[in-house]
Each structure stands twice: as C-alpha cells, then as structure tokens.
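Next come the chains, spelled out residue by residue.
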Amino acid sequence: MRYFIELSYRGTAYCGWQPQTVGVSIQATLEAALSQRLGKRVYVVGSGRTDAGVHARQQFAHFDTNEPLNLSEAFIYSLNCLLPEDIAIRAIFPVQETDHARFSAVFRYYQYHISRQKDVFTHGLSYHFRPWLNETLMNEACQGMLNYTNFQSFSKARANVNHFHCRLDFAYWERINEDCLTFHIRADRFLWGMVRTIVGTMLEIGQERMDCHQFEQIIQAKDRNAAGRAVPANGLYLVEVGYPEEVITGRENGARP
C-alpha cells in the first residue's frame with residue numbers, strides 16, 4: 001500500500017531534502033523515524049528537493065508498505081516523538097498505488113521573506129536586507145515575467161533537467177509592513193535555484209538599479225550569467241504543494257496529530 005505524508009520543517013540545520021555526502025538531510029531523518037517505528041527499512045519520495053537551509057510549511061512525500069497501517073493520532077504522535085523538533089508530521093493518509101508525491105503534483109507555491117531590521121526571533125527564517133525596496137517596480141517586473149515559460153537564466157548552470165520551461169500561475173510582492181516584504185510565486189515546477197535567483201535579480205529592480213525591460217532581456221538571454229545573484233536560502237519557504245482532488249481524497253480519513 002502507498003501512503004502520503006504531509007510534513008513541515010525548519011531547514012536551517014539540514015543539507016536539504018535529499019541526502020548528500022556531507023550533512024544530515026530531511027529525507028534521511030524522516031526515513032530513519034519511519035523505519036524505527038515500523039520495524040523495517042522505509043524509503044520515502046518527496047514532492048521536490050528543497051535546498052540546504054530552505055524551510056517548508058507544507059511538504060509531501062510518499063512511502064510503500066506491504067501491509068495496511070493502523071493510522072491513528074497515537075501513531076502520528078509516536079513518529080513525531082522520534083523526529084527532531086524542527087521536523088513535524090502533520091498527516092498520513094492512504095493513496096492509490098499510482099499516486100506519486102512528485103509526479104502527481106500540479107503546482108508548488110513558494111514564498112521568500114525579507115526584513116530590513118535585524119530580529120533575533122526570525123534569525124535564520126528571513127533574509128535581513130537593509131536597502132529600501134520599491135515593490136511597485138518589482139511587481140511590474142513580475143507581470144512581465146508571467147509572459148514567459150523558459151527560465152533558464154534563473155536556473156543553476158549545472159542543473160540536470162530535460163528542459164527549462166515552467167508554467168507560472170502567479171508571482172507578486174506583498175509589503176507586510178514598513179520593514180517586511182514577501183515574494184509569492186506558484187508554478188507547476190521550479191528549476192534548481194530558480195526562486196532565489198529571481199528574487200536576487202529583482203532586488204536590483206527594487207533598488208532601481210535595473211528596469212523591467214532589462215529584466216525581460218535577462219529572461220530572453222536564457223543564460224544564468226545574465227541574471228543576478230541568488231539570495232540566501234534562509235528566507236525561502238515551500239508553502240503549498242497542490243494535487244488533484246482524487247489524489248488527496250483519503251486525507252480527511254487519514255491520521256493527524
């Protein structure tokens with residue numbers, strides 16, 4: 001049987017979702033807890049591979065078992081007790097064997113948080129960037145970006161992908177208060193490093209060092225060297241992963257803490 005796991009995590013202490021040669025990954029930590037609880041080796045497949053330091057308010061993964069699980073609040077509680085404080089399982093529910101955490105997903109929604117003021121309570125959870133930013137200009141650039149599908153200029157150069165096309169559903173900046181800005185972006189898929197490089201390039205627009213026409217020229221160049229720097233990972237959050245209704249029909253009947 002196949003099960004979906006809905007989880008969240010603070011990525012600060014991890015080398016990312018996927019196991020690396022150095023560092024502890026979220027995937028390996030989750031697999032270790034499931035394997036200990038179920039008494040056999042368990043492998044999980046995530047909806048996507050968040051980078052080192054990136055957080056997730058909602059992430060999904062799937063795993064397979066030979067026998068049905070006795071899903072209950074106590075079962076989730078026991079798993080969460082095995083996990084460190086910065087990883088939390090929110091739900092486990094059964095799905096069809098053909099449902100896939102990565103390939104069945106229809107969109108991913110990310111946010112990037114920026115703060116002008118140093119805040120000890122958000123350290124590691126937002127990007128401390130002092131210059132004042134003109135979000136009106138950055139939102140104009142977002143509207144232009146929605147006219148494109150090829151985002152090779154914002155992908156890491158050594159990304160191992162078959163194509164660089166992504167369908168953007170929306171992209172915009174929101175001013176939370178005088179000192180805080182949040183970038184919202186949703187697409188069917190994202191390239192390696194794409195959101196952080198888009199944000200880094202748009203910061204040039206926000207500081208009025210670049211105009212929207214120049215930004216579109218960067219997109220058209222299809223060259224990573226044309227874009228700006230990638231901003232730090234600590235401000236980036238995977239906020240939501242979307243699936244067709246038929247995939248998550250068992251969610252309401254699954255186990256929650």
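Everything below is about the structure shown above.
**Comments concerning the overall build of the protein chain**
Consideration 1: Of regular secondary structure, the protein chain possesses five helices and nine strands.
Consideration 2: In summary, the protein chain has a C-alpha radius of gyration of 19 Å against a globular reference of 18 Å for 257 residues, a match within 12%.
Consideration 3: A principal-axis box enclosing the C-alpha atoms of the protein chain has dimensions of 60 × 40 × 35 Å.
Consideration 4: A buried classification covers 51% of the 257 residues belonging to the protein chain.
Consideration 5: Contacts spanning at least 24 positions in sequence make up 74% of the contacts within the protein chain whose residues lie at least 6 apart.
Consideration 6: Of the accessible surface of the protein chain, which amounts to about 12,700 Å², a share of 47% is contributed by carbon and sulfur atoms.
Consideration 7: For the protein chain, the centre of its 26 positive side-chain charges and the centre of its 27 negative side-chain charges are spaced 6 Å apart.

**Observations regarding the environment of Thr-29**
Consideration 1: With respect to the secondary-structure elements, Thr-29 resides in helix α1 (residues 26-38).
Consideration 2: Sequence separation of Thr-29 and Tyr-243 is 214 residues, and the distance between their C-alpha atoms is 25 Å.
Consideration 3: Residues within four places of Thr-29 in sequence aside, it is in contact with Tyr-14, Val-24, Leu-83, Pro-84 and Ile-87.

**Regarding the packing of aromatic side chains**
Consideration 1: Summed over the entire model, instances satisfying the criterion amount to 14 aromatic pairs.
Consideration 2: Judged by centre distance (5.8 Å) and plane angle (50 degrees), the rings of Phe-170 and Tyr-172 are tilted.
Consideration 3: Residue classification places Tyr-172 among the partly exposed positions, given a relative accessible area of 34%.
Consideration 4: Through pairs of rings, three or more aromatic residues link up here, namely Phe-4, Phe-60, Phe-93 and Tyr-243.
Consideration 5: One Lys or Arg, Arg-175, reaches over the ring of Trp-132 and ends 4.2 Å from the middle of that ring.
Consideration 6: A cation over an aromatic ring shows up here: Arg-186 above the ring of Phe-107, its NZ or CZ 3.9 Å from the ring centre.

**Examining the pairing of strand β8 (residues 180-187)**
Consideration 1: With respect to burial, β8 is a largely interior element, six of its eight residues being buried.
Consideration 2: Pairing of strand β7 (residues 168-175) with β8, which is carried by seven bridges, proceeds in the antiparallel orientation. Bridge pairing in β8 links Glu-174 to Thr-182.

**Here's the deal with the nonpolar core**
Consideration 1: Grouped together as the largest cluster of nonpolar side chains are 74 residues, with contacts concentrated most on Met-145, Phe-183, Ile-185 and Met-202.
Consideration 2: Ranked by the residues each element gives to this core, the list is headed by helix α4 (residues 194-206), at seven residues.
Consideration 3: Excluding its chain neighbours within four sequence positions, the residues that come into contact with Met-202 are Met-138, Ala-141, Cys-142, Met-145, Trp-173, Phe-183 and Phe-215.

**Here we look at the pattern of salt bridges**
Consideration 1: All chains considered together, the criterion is met by nine salt bridges.
Consideration 2: Its salt-bridge partner being Glu-135, residue Arg-175 comes within 3.1 Å of it at the nearest N-O pair. Taken together, the residues span a long stretch of sequence, with Arg-175 in strand β7 and Glu-135 in helix α3 (residues 135-145) at a distance of 40 residues.
Consideration 3: Ionic pairing is found between Glu-204 and Arg-209, a salt bridge with its closest N-O pair at 3.9 Å.
Consideration 4: A residue is classified by how much of its surface remains accessible, and Glu-204, at 24% relative accessible area, is partly exposed.
Consideration 5: Each of the salt bridges in this network shares a partner with another, and the network as a whole consists of Arg-167, Asp-169 and Arg-186.

Conventions we followed
- Residues numbered from 1 in each chain as written.
- Predicted model: local features only at pLDDT ≥ 70, side-chain atom pairs only at ≥ 80, totals over all residues.
- Heavy atoms only, no water.
- Helix = DSSP H or I, 4+ residues; strand = E, 2+ residues; numbered from the N terminus.
- Rg over C-alpha atoms; globule rule 2.2 N^0.38 Å.
- Buried < 20%, exposed > 50% of the residue type's maximum accessible area, 1.4 Å probe, protein only.
- Contact = heavy atoms within 4.5 Å.
- Areas by Shrake-Rupley, 256 points an atom, 1.4 Å probe, with all protein chains shown as cover.
- Lys, Arg positive; Asp, Glu negative; His and termini not counted.
- Charge placed at Lys NZ, Arg CZ, Asp CG, Glu CD.
- Phe/Tyr/Trp six-rings, centres within 6.5 Å; stacked < 30°, edge-to-face > 60°.
- Lys NZ or Arg CZ within 6 Å of the ring centre and 35° of its normal.
- Pairing = 2+ DSSP bridges.
- Core = buried A, V, L, I, M, F, W, Y, C linked by side-chain atoms within 4.5 Å.
- Salt bridge = Lys/Arg side-chain N within 4 Å of Asp/Glu carboxyl O.

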